[in-house]
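Letter by letter, the chains look like this.
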Amino acid sequence: MIQIKHLCKAYEGAEGPARALDDISFDIADGDIMGIIGMSGAGKSTLVRCINLLEHPTSGQIIVDGQDVTSLSGAELRSYRRRVAMIFQNFGLLAQKTVLDNVCFPFLAATGKVTSDNRTRALELLDMVGLKEKASSYPSQLSGGQQQRVAIARALACGPEYILCDEATSALDPASTNTILKLLRDINRKTGVTIIVITHAMSVVEKICRNVVVLEHGRVVEQGSVADVFANPVSQAAKVLLERVDWDA
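So, how was this worked out
- Residues numbered from 1 in each chain as written.
- Predicted model: local features only at pLDDT ≥ 70, side-chain atom pairs only at ≥ 80, totals over all residues.
- Heavy atoms only, no water.
- Pairing = 2+ DSSP bridges.
- Helix = DSSP H or I, 4+ residues; strand = E, 2+ residues; numbered from the N terminus.
- Contact = heavy atoms within 4.5 Å.
- Axes fitted to C-alpha atoms, helices over the stretch in contact; angles between N-to-C directions.
- Expected span 1.5 Å × (residues − 1).
- Core = buried A, V, L, I, M, F, W, Y, C linked by side-chain atoms within 4.5 Å.
- Buried < 20%, exposed > 50% of the residue type's maximum accessible area, 1.4 Å probe, protein only.
- 1 Å grid on protein atoms, 1.4 Å probe; cavity = no way out; pocket = protein on both sides within 12 Å on 5 of 7 lines; lining within 4 Å.
- Points joined across faces, edges and corners; volume = space filled by probe spheres on them.
- Nonpolar A, V, L, I, M, F, W, Y, C, P; charged D, E, K, R; others polar.

**Quick word on the sheet that holds strand E5 (residues 67–68)**
Thought 1: Across the sheet, 4 strands lie side by side as E2-E1-E4-E5; this open sheet has antiparallel pairing. The open sheet has two edge strands with one neighbour each: strand E2 (16–28) and E5.
Thought 2: Where strand E4 (residues 59–64) and E5 come together, 2 bridges link them in antiparallel fashion. Within E5, the position partnered with Val-64 by the bridge is Gln-67.
Thought 3: Packed onto the sheet, helix H1 (residues 44–51) meets strand E1 (2–13), E2 and E4 and runs at close to 115° relative to E1.

**Focus on helix H4 (residues 116–128)**
The periodicity of an α-helix, 3.6 residues per turn, causes residues three or four positions apart to be oriented the same way.
Thought 1: For H4, built from 13 residues, the straight-helix expectation of 18 Å at 1.5 Å per residue is met to within 8% by its first-to-last C-alpha distance of 18 Å.
Thought 2: Elements that come into contact with the buried residues of H4 comprise helix H3 (99–111) and helix H5 (144–156).
Thought 3: One or two steps after H4, the chain reaches Gly-130, where phi turns positive at roughly 80°.

**Details of the nonpolar core**
Thought 1: One finds Ile-87, Leu-126, Ile-152, Ile-163, Leu-184, Ile-195 and Ile-208 to be the most contacted residues of the largest nonpolar core, which totals 51 residues.
Thought 2: Ranked by residue count, the leading element in this core is H5, at 6 residues.
Thought 3: Core analysis: the next-biggest nonpolar cluster, separate from the first, contains 29 residues, Ile-24, Met-34, Ala-42 and Tyr-80 among them.

**Some words on the layout of surface pockets**
The gaps left among the atoms become clear once a water-sized probe is rolled over them.
Thought 1: Considered as a void within the structure, the largest pocket measures approximately 690 Å³ in volume.
Thought 2: When residues of the lining of the largest pocket are traced back to their parent elements, those giving at least two are helix H2 (74–82), strand E6 (84–87), H3 and H5.
Thought 3: At 4 residues, H3 tops the list of elements feeding residues into the lining of the largest pocket.
Thought 4: A per-class count over the lining of the largest pocket returns 13 nonpolar, 2 polar and 4 charged.

This is the structure:
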């Protein structure tokens, strides 16, 4: 389980500190598909970067399986980050490496080498995402949806416990988006990996997530099951995202 407790992140600005995250608290259960949604500037990407500690929070705690990971450093921090994979909006593939080498890259980063077992595992993952036949291709030869499937295979390479998806489908067409969301849902069901979906699209949350947290101006303004929030949104932010605002009022 991930427990986020009173998390704050402030940046120094010309007019003093500006809070990107302001006293955020919620839990993510093991095996869940959790949506974190909000409009631009709500703090979604800052939050996800705090969860994997690419950004260190100004205050508060991120407790993973009972351990406060915000205090980790050195080898312990590197070990934690291997438990948390990330899928990006722009795919993040290495253009000069083949699809197979891209999927093998986490092994190289972790140990400094790629073994035959690593390559076998990478091919298994490419088969899982339906792209084994593209192993020797380069990213530029793939469609956007195919590149994102390669990115998912790479994210799974080191057997993560958590996958963070930061606007992972926002650059894709509707058909490719549905393919990626179905793939993530199937991976969650087969492996039990916890998936955290950062998005501004309620349609993405509706299709894949079980629970949702709504952010506005760095604060949690609503949280609950997707069914409850969609049926009876309370916050103005959720109503806007669900397009249930009377614009002529």
